[in-house]
Every structure is written in structure tokens, then in C-alpha cells.
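Structural description and commentary
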Amino acid sequence: MVDGPPTEAMNLTEVIDEINRMRGTLGPRETFRKPDFLHGLADRLMGSPVLRNQPAVRAFAEDARTFDDDPRLSRTKLHINGEVDNHIFSLFDASYFPALSLDYLTYRKLPADEHLTRRYASNTMPVTIERMTAGFESRVVVALFPENHLDGSQNPDDLIFYFIDKFVERHLRLTRRLVSAVMAEGSFPLVLAAGPAEVERASSWWVRLHEYHHRQGDMPIPDFLPIKRLKPLAGLEELRVDVSSMLACLHDDALPARDALLAYEYILSERLLRYSVEGIPRPNYDAVASQVLFNYLIEVDGIRLRDGVIHLDPGLPGVLAAFLAEIETIERRIHSESAEQVQRRLLDFANRYADFDETTKDYRHIAYFAEIKQRLGV
């Protein structure tokens, strides 16, 4: 009996295995941009019977051979942005995703609400990972940004990938436990009742709204990224876009009402609780952002803490709108003040609600959330 041609699944298994083997032989990361290394890597890729027939591999190999003359992975990005297939392959170098290097994945696009994608248009691509090499297996790699590639660049037409399966996993593993443990009964009814498919949909809504709002306002990203690179200001930017997203869910009547309310609850629970716990013991910018939001809401009675339980005030949406207005009022000054002056104002606002340690020149975590993390063992 003659065997037929290998199935696509079998081919992909071989591709993943081959890339994983190559990952272990790359050498030090500081050599990744050197012409000799890239030329040698291209030769290895195109010399592999398993890899050379993959369009994504061929695109990257051509970019690697010309990188010293044209340091943008133009063919690789064109392959990805044009959705030639559902494969992504590249050499990555991102400080906050250290697990990534030479990596490959295939994905499945997730459906989206028509009004959401039209009204809040961006290059966001919510997907579920189907097959992946070792780098993408890292729990912290929940997204892939254009600048994560070796060329470190982002163009307006570059797609931004969010791995929604990872959002669902961490929400069900961690955020759901936090909601049950620290929130007053009835605080997030839709979140607690949501199954994996609904969490997937809410996650997809979140990332689409998030990326859209980054590009809105008086100081959008990436235009004002240099001003917002400081940890507290990166956190404040995350709050600006997430609060904007929550308010869109509450006030855009053209969105499906139940899905919009679920997305509102989902974003608020993630931003208020999960980031607050995950940043311990040394808060990252997301954890600092959650500190700012938590302390602001406590101060203005948007939330109340009673016997270790968080109660949401019925007027919370109005409080969130007021919080957003404070940030927007400061950012509007960019039209009349220097970038340094506006940056200082934003920093003062963030530090009013975050716990900055002058001795270590870093931020401390809220003791309340440190106790929760220890109590739940998360």
C-alpha cells in the first residue's frame, strides 16, 4: 500500500519541531542583527526540506538576507498583514517577551460584531492560537505587536495580534477567583455567569476597543509614546483607553446590549483586580495603573472597602467618566504647553494615587492586594 501525501497537520508538526530545534542553536541574542548571523539563518531555513516550502519561512528568509541593506522585515510583514495564510514566522526581539526568538504559529481569527469593528476600527486581530513553537507557549506572551519583530518597527497598516485563548485561560484561572473572593455579592453578575465562549467574546471586544482608543484623544499612541514611556504614564495610558472602552460599552446604544454590558464588567474586573494582584511584588506599569484606579475610586466613593470586601457604588460609571475627564483635561494642554510640562502634570496626577518609594525610586504595591494574593495562593 502506497502512503498518500502528508496531511497539513503532519506538515505543521514537522515545521514546529524543526523550528524548536533551531531555537536552541541560535546563540546569543546580541548577534541577531548581524549580517553573518542572518545570512546563515536564511541558508539554514531554505536548506530545510521541512521549512523551505512554507511561504512564511520564505518571506522571512528573503528579509534576513537583505536586512543589512533594508532593516525592515517588509516581506514578513506583508505576508502577515496581507493574511496570505494563517501562519506567522519571524525572529523576535522584545524585552518584555523574552521567551520569543525564532518562532512560528498558526491562528484562527475570531468573529466580531459588525458595528464594533466599523465604529471602533483598528488593525487589531483577536485570534486563537492553533499551533505554536516554544516561545509562544509562554503565559506572558498574550499579544504580538509589530515592533516585537527583529526590525522593531510599526507601520500604520501592521496588524496587532491578541491571543484570546490566553485571555480566557487567565480570566477563568485568576480573575474569576478574585471576583468571587473580594467583590460584594452581585457586583459582576454577567462575568460570574459567563462561559468560555462568552469570555472569549468579551476579551475580543476589549482588545478591539483598547487599540482603537490608544489612537484617539489629544495625545494618542504611538505619536506620544516617548512622553508616556515612564512606568506610571504607561499605566495611566492603559487606564485612559480602558476607561474609554468601558464607557463606550455603556453608552453606545448600537452595540448589542448584553454583550456590551458583559464587556464592561469584564474590563473593569480585569483592570481593578487581576492586574493589581499579578504585579506583586514589584508592580509593573499595569499594576501601577490598577493602584491609581483603585485609590482614586476609594477616594471619591466610586468603590467602598468594608471588612475586606469591595462594594461598587451605583454611580460608578459617572465616577469613571470624571476620572477620564481629569486625564483628558491634562492631555489637552499639549496644545498650549510643552511636552515636558504636560508629562510632569500627568506624572503628578498618577503619583497622587500610587505609592512611590523615594528610597528605591520605584512603586510599592497596595498591601490589600498583597494580602489577597497570599490568601488565595495565586
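Look up a bit, the structure's there.
Anyway, here's the lowdown on the structure attached to this text. (Residues numbered from 1 in each chain as written. Predicted model: local features only at pLDDT ≥ 70, side-chain atom pairs only at ≥ 80, totals over all residues. Heavy atoms only, no water.)

**Describing the pairing of strand 3 (residues 124–132)**
Put simply, side chains in a regular strand alternate between the two faces of the sheet. In the sheet, strand 2 (residues 102–109) pairs with strand 3 via five bridges, with the strands oriented antiparallel. Paired with Thr-106 across the bridge in strand 3 is Arg-131. Where strand 3 and strand 5 (residues 160–163) come together, four bridges link them in parallel fashion. When the sheet's bridge partners are listed, Val-127 is paired in strand 5 with Phe-163. (Pairing = 2+ DSSP bridges. Helix = DSSP H or I, 4+ residues; strand = E, 2+ residues; numbered from the N terminus.)

**Here's the deal with the nonpolar core**
Within the largest apolar cluster, 78 residues are counted, with the highest numbers of intra-cluster contacts made by Leu-273, Leu-297, Leu-320 and Phe-323. By residue number, the principal contributor to this core is helix 10 (residues 257–278), which donates 11 residues. In contact with Leu-297, not counting residues within four places along its chain, are Leu-272, Gly-302, Ile-303, Leu-316, Val-319 and Leu-320. Counting residues in each nonpolar core, the second largest holds 25 residues, with Val-15, Phe-32, Leu-51 and Phe-89 among its members. (Core = buried A, V, L, I, M, F, W, Y, C linked by side-chain atoms within 4.5 Å. Buried < 20%, exposed > 50% of the residue type's maximum accessible area, 1.4 Å probe, protein only. Contact = heavy atoms within 4.5 Å.)

**What to know about helix 14 (residues 367–376)**
Here helix 14 has its buried residues at Tyr-368, Phe-369, Ile-372 and Leu-376. Down the axis of helix 14, the buried side of the element spans an arc of 90 degrees, and every buried residue falls inside it. Across from the buried face of helix 14, at angles greater than 90 degrees, the exposed residues are Ala-367 and Gln-374. Those residues of helix 14 hidden inside the fold are in contact with helix 6 (164–182), helix 10, helix 11 (285–299), strand 6 (303–306) and strand 7 (309–312). (Arc of directions from axis to C-beta.)

**What to know about the environment of Phe-323**
Locating Phe-323 in the fold gives a position in helix 12 (residues 316–331). C-alpha separation for the pair Phe-323 and Leu-293, spaced 30 residues apart in sequence, amounts to 8.6 Å. Non-local contacts of Phe-323, meaning those with residues more than four positions away in its chain, are made with Leu-239, Val-243, Val-292, Leu-293, Tyr-296 and Phe-349.

**Comments concerning the pairing of strand 1 (residues 87–91)**
Burial analysis of strand 1 places five of its five residues in the buried class, which makes it a mostly covered element. Alternating residues of strand 1 divide into His-87, Phe-89 and Leu-91 and Ile-88 and Ser-90, and every residue in both groups is buried. As defined by bridge partners, strand 1 adjoins strand 2 across five bridges and the pair is classed as antiparallel. Pairing of His-87 across the sheet is with Thr-106, part of strand 2.

**Some points on the packing of helix 2 (residues 35–46) against helix 3 (residues 55–66)**
Relative to each other, helix 2 and helix 3 sit at 155 degrees, their axes nearing to 8 Å. If you check the angle between helix 2 and helix 3, you find them roughly antiparallel. Viewed along their axes, helix 2 and helix 3 form a crossing whose handedness is left-handed. Every residue of helix 3 that contacts helix 2 at Leu-38, His-39, Leu-41, Ala-42, Asp-43, Leu-45 and Met-46 is listed here: Val-57, Arg-58, Phe-60, Ala-61, Ala-64 and Arg-65. Broken down by class, the residue content of the contact of helix 2 with helix 3 amounts to nine nonpolar, one polar and three charged. (Axes fitted to C-alpha atoms, helices over the stretch in contact; angles between N-to-C directions. Parallel < 35°, antiparallel > 145°, perpendicular 65-115°, else oblique. Left-handed = near helix turned anticlockwise from the far one by under 90°. Nonpolar A, V, L, I, M, F, W, Y, C, P; charged D, E, K, R; others polar.)

**Re helix 9 (residues 231–251)**
With 21 residues, helix 9 extends 30 Å between its outermost C-alpha atoms, agreeing within 8% with the 30 Å of an ideal straight helix rising 1.5 Å per residue. Of all 21 residues in helix 9, 18 are buried, a share of seventy percent or more. (Expected span 1.5 Å × (residues − 1).)

**Thoughts on the packing of aromatic side chains**
Aromatic rings in a pair are described by how distant their centres are and how their planes are angled relative to each other. Counted under the stated rule, the structure contains 20 aromatic pairs. Summarising the aromatic geometry, the rings of Tyr-296 and Tyr-353 are spaced 5.3 Å apart at their centres and angled 70 degrees between planes, so their arrangement reads as edge-to-face. One end of the pair, Tyr-296, is in helix 11; the other, Tyr-353, is in helix 13 (residues 339–353), and 57 residues separate them in sequence. Judged by relative accessible area, Tyr-353 falls into the buried class, the value being 4%. (Phe/Tyr/Trp six-rings, centres within 6.5 Å; stacked < 30°, edge-to-face > 60°.)

**Focus on unusual backbone geometry**
Here the residue pair Ile-221 and Pro-222 is connected by a cis peptide bond, since its omega of 10 degrees sits within 30 degrees of zero. By the secondary structure assignment, Pro-222 is in the loop between helix 8 (196–214) and helix 9. With a phi angle near 65 degrees, Asp-301 is a residue other than glycine that sits in the positive phi range. With respect to the secondary-structure elements, Asp-301 resides in the loop between helix 11 and strand 6. Phi angles above zero are rare outside glycine, and Asp-307 is one such case at about 55 degrees.

**So, the sheet that holds strand 5**
Spatially, 1-2-3-5-4 is the arrangement adopted by the five strands of the open sheet, whose pairing is mixed. With partners counted over all chains shown, the strands left at the sheet margins are strand 1 and strand 4 (143–144), one partner each. Lying on the sheet, helix 8 is in contact with strand 2, strand 3 and strand 5; it crosses strand 3 at an angle near 130 degrees.

**Quick notes on the pattern of salt bridges**
Evaluated as defined, the whole model comprises 32 salt bridges. Here Asp-63 makes a salt bridge to Arg-75, at a shortest N to O gap of 3.0 Å. Of this pair, Asp-63 sits in helix 3 while Arg-75 sits in helix 4 (residues 74–81), and the two are 12 residues apart along the sequence. (Salt bridge = Lys/Arg side-chain N within 4 Å of Asp/Glu carboxyl O.)

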